[in-house]
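Per-entry structural report
What follows is each chain in one-letter form.
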Amino acid sequence: QVQLVESGGGLVQAGGSLRLSCLASGSIFRIADMGWHRQVPGKQRELVATIISGGSPNYADSVKGRFTISRDNAKNTVYLQSNSLKPEDTAVYYCYATLKQRFGGSYNDYWGQGTQVTVSS
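The sections below set out a description of the structure shown in this document. (Residues numbered from 1 in each chain as written. Predicted model: local features only at pLDDT ≥ 70, side-chain atom pairs only at ≥ 80, totals over all residues. Heavy atoms only, no water.)

1. Here's the deal with the overall build of the protein chain
A count of helical and extended segments in the protein chain gives zero helices and 11 strands. On C-alpha atoms alone, the protein chain measures out to a radius of gyration of 14 Å, which is about the 14 Å that the 2.2 N^0.38 rule sets for 121 residues. On the principal axes, the C-alpha backbone points of the protein chain span a range of 50 × 25 × 25 Å. Within the protein chain, buried positions represent 40% of all 121 residues. Within the protein chain, residue pairs in contact and separated by at least 24 positions form 56% of the contacts whose partners lie at least 6 positions apart. Of the roughly 6,600 Å² of accessible surface on the protein chain, 47% is carried by carbon and sulfur atoms. Of note, the protein chain has its 12 positive side-chain charges centred 5 Å away from the centre of its 8 negative side-chain charges. (Helix = DSSP H or I, 4+ residues; strand = E, 2+ residues; numbered from the N terminus. Rg over C-alpha atoms; globule rule 2.2 N^0.38 Å. Buried < 20%, exposed > 50% of the residue type's maximum accessible area, 1.4 Å probe, protein only. Contact = heavy atoms within 4.5 Å. Areas by Shrake-Rupley, 256 points an atom, 1.4 Å probe, with all protein chains shown as cover. Lys, Arg positive; Asp, Glu negative; His and termini not counted. Charge placed at Lys NZ, Arg CZ, Asp CG, Glu CD.)

2. Some words on the pattern of salt bridges
This structure, assessed with the given rule, holds four salt bridges. Lys-64 is the partner of Asp-61 in a salt bridge, and the nearest nitrogen-oxygen pair spans 3.2 Å. For the residue pair Asp-61 and Lys-64, the accessibility class agrees, reading exposed in each case. (Salt bridge = Lys/Arg side-chain N within 4 Å of Asp/Glu carboxyl O.)

3. Examining the state of the cysteines
Taken as a whole and assessed by the stated rule, the structure comprises one disulfide. Residue Cys-22 pairs covalently with Cys-95 via a disulfide, S to S 1.9 Å. Here the residue Cys-22 occupies a position in strand β3 (residues 18-26), and Cys-95 occupies one in strand β9 (residues 91-100), the gap between them amounting to 73 residues. (Disulfide = S-S within 2.5 Å.)

4. A look at the packing of aromatic side chains
For the structure shown, the criterion picks out two aromatic pairs. Seen in terms of ring centroids, Phe-29 and Phe-103 are 6.0 Å apart; in terms of plane orientation they differ by 75 degrees. Their pairing is edge-to-face. With a gap of 74 residues between them, Phe-29 in the loop between β3 and β4 (30-39) and Phe-103 in the loop between β9 and β10 (108-111) connect regions that are remote in the sequence. We note Arg-45 situated over the ring of Trp-111; from NZ or CZ to the ring centre the distance is 4.9 Å. (Phe/Tyr/Trp six-rings, centres within 6.5 Å; stacked < 30°, edge-to-face > 60°. Lys NZ or Arg CZ within 6 Å of the ring centre and 35° of its normal.)

5. Observations regarding the environment of Ser-121
Topologically, Ser-121 is positioned in the segment after β11 (115-120). Once you skip the residues sitting within four places of it in the chain, Ser-121 turns out to touch Ala-14 and Pro-87.

6. Regarding the pairing of β4
For β4, the buried fraction is high: seven of the 10 residues fall into the buried class. Here eight bridges tie β4 to β9, and the two strands are oriented antiparallel to one another. In the sheet register, His-37 faces β9, and the bridge partner there is Tyr-94. (Pairing = 2+ DSSP bridges.)

Written out as C-alpha cells, the structure is:
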C-alpha cells in the first residue's frame, strides 16, 4: 500500500506564508512526478504546481512568483512554499504522486487526504 500524508496547512493572514509538506510512504519503487492541486467547494480541483524527478517545476499562472515547489527524493517528500498568500488561495490542498510500486509495474496516481489552507483578508 501507498500513503501520502500532507502537513503544514492552517490559517494565515493575507501576505503571510505557509510551507506544506507531503510524505509518500509504503511500497514504492520509483516516483515520477509529485505535485499539488487545490480545490474550493463547488469548484473543480485545479493544478497548483508539479515537479518531475530531475526536471523543472511547473506552476499555475495564479501562483507563479509566489509559490515554490521542491522535492527530496531520498525522503519521498514534496514541499510547497507559499508566500504572499491571498484570500483567493484559500482551498484544500492535495498532494499527489505518480509512482510505481515494483520494477516493471505501471505508474499510477496516488493522492493525499488534503490539508486546509485559509487566508484571511
